[in-house]
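Here is what each chain is made of, one letter per residue.
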Amino acid sequence: MNGINWSELTFGYMKTDYNVRCYYRDGKWGELEVSSSEIINIHMAATCLHYGQEAFEGLKAFKGKDGKTRVFRMEENGKRMISSSQGIMMAEFPVERFEEAVRKVVKLNERFVPPYGSGASLYIRPLLIGLGAQVGVKPASEYLFMVFVTPVGPYFKSGFKPAPVCIMRGYDRAAPQGTGTIKVGGNYAASLAAGTKAQSKGYAAVLYLDPKEKKYLDECGPANFFAIKGNNYITPASNSILPSITNKSLQQLATDMGLTVERRPIAVEELSTFDEAAECGTAAVITPISKIDDLDENKSYIFSKDGEPGATCEKLYKKLLAIQTGDEPDPYGWVKVIE
Ligand SMILES: Cc1ncc(COP(=O)(O)O)c(C=O)c1O
């Protein structure tokens, strides 16, 4: 069907049939509209173009063995988009309507949900932008919320294989009390130079340090960081990282597997004490880290010598995917079937 080679998909954009849109004008949200156009027509003075009034989300739908399509924790993405809107003064799109929009766009593009077992999934990208024209630095009075979808393969080429990351103190993705905790485009623009440099040196991502003191681990470009030390799942607490829904889910799974979860500042030197390290996020799922090269201090922290993921990362990865695809029961109420 579709002529798509599902198992060859990378994490990229592919045109699908429909997207859904909703406009905020005169102080209220309108009706959800369905569009088959990939283009949006906006004013040249729209605040999203000049002052970065833009927030987005990322979540996934999975096809199960039973042929049903399941979306993972969309309510959490809806809530996070509200927190992003509050952070950069945009109109808030209600969570129930966010869920309605996600259900609708997935249903309309059902033929693009990759088959069970292909290793691919349907990536869902909600977007909220300031549309109103402003020349002074002020919030817009008009907004567009939209959602499109695209089938994707793994974010990192390695898939569930350990990949190397690096530390570079010369770059921050967000300020200490800035926008790191919300999902706004500016954070990603700020990460492009470091990310590109890291990739040109053969690293999958940059592991950012806290922007204030450069003493503690923050997160990776597009994903949170966690480590396993004995029976402990350890992940950074910081005011400049995105609260990852995958990380939150893994903390729950880890607890229920009998691990102790520690969410606290993690000093860089502690890296040498960890048994396993990984990135986690919707796109990255769990991407184990093979080694972390501290390029400023000329130090290397090795987590996988044989190119294989650690046992605890693998157990968590399998458990998370089994819940997402419906292979295993979901006692948490995380997945919603799209009818
Ligand atoms: C900066 C950053 N951190 C972490 C994550 C992981 O968050 P989530 O698990 O909600 O996808 C993402 C991706 O959304 C991200 O962009």
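Shown above is the structure to which this text applies.
These lines cover the structure that appears in this document, whether it is placed above or below.

Cut-offs used in this document
Starting from 1, residues in each chain are numbered consecutively following that chain's sequence as written. Whole-chain, interface and lining totals are the exception, using all residues; otherwise, since this is a predicted model, local features are given only for residues with pLDDT of at least 70 and side-chain atom pairs are given and counted only at 80 or more. Side-chain calculation: all heavy atoms of the structure are included, whereas hydrogens and water are not. Of the two site types, the cavity is a set of points on a 1 Å grid over the protein atoms alone where a 1.4 Å probe fits but cannot get out, and the pocket is an open set with protein on both sides within 12 Å along at least five of seven lines, each lined by residues with an atom within 4 Å of a point. Grid points are joined across faces, edges and corners, and a volume is the space filled by probe spheres set on the points. Helical segments are the DSSP runs of H or I of at least four residues, strand segments are the runs of E of at least two, and each set is numbered from the N terminus. Only Asp, Glu, Lys and Arg are considered charged, only Ala, Val, Leu, Ile, Met, Phe, Trp, Tyr, Cys and Pro nonpolar, and every remaining residue, Gly among them, polar. For the domain bounds, the source is a domain assignment made automatically or taken from a database.

1. Section: empty space enclosed by the protein
In total, this model carries 3 cavities of 30 Å³ or more according to the counting rule given. Its boundaries defined by the atoms lining it, the largest cavity holds a volume of some 100 Å³. Lining the largest cavity, in full, are Leu-59, Lys-60, Phe-62, Phe-72, Asn-77, Ile-245, Thr-246, Gly-281, Thr-282, Val-285, Leu-320 and Gln-324. Going through the elements one at a time, β5 (59-63), α5 (245-256) and α6 (311-325) are the ones with two or more residues in the lining of the largest cavity. A total of 3 residues in the lining of the largest cavity trace back to one element, the largest contributor, which is β5. In the lining of the largest cavity, the residues fall into 6 nonpolar, 5 polar and 1 charged. Looking at the lining of the largest cavity, you find at least three residues from each of domain 1 (6-152) and domain 2 (163-324). Volume-wise, the second largest cavity comes out at about 50 Å³.

2. Brief notes about the layout of surface pockets
Roughly 890 Å³ of volume is contained in the largest pocket. Lining of the largest pocket is provided by 42 residues; of these, Tyr-155, Phe-156, Gly-221, Pro-222 and Ala-223 occupy positions nearest its centre. At the level of secondary structure, the elements contributing two or more residues to the lining of the largest pocket comprise β7 (121-130), β9 (163-167), α4 (185-200), β10 (205-209), α5 and β15 (276-281). Looking at the lining of the largest pocket, the element that brings in the most residues is α4, giving 8 residues.

These figures capture arrangement, not role.
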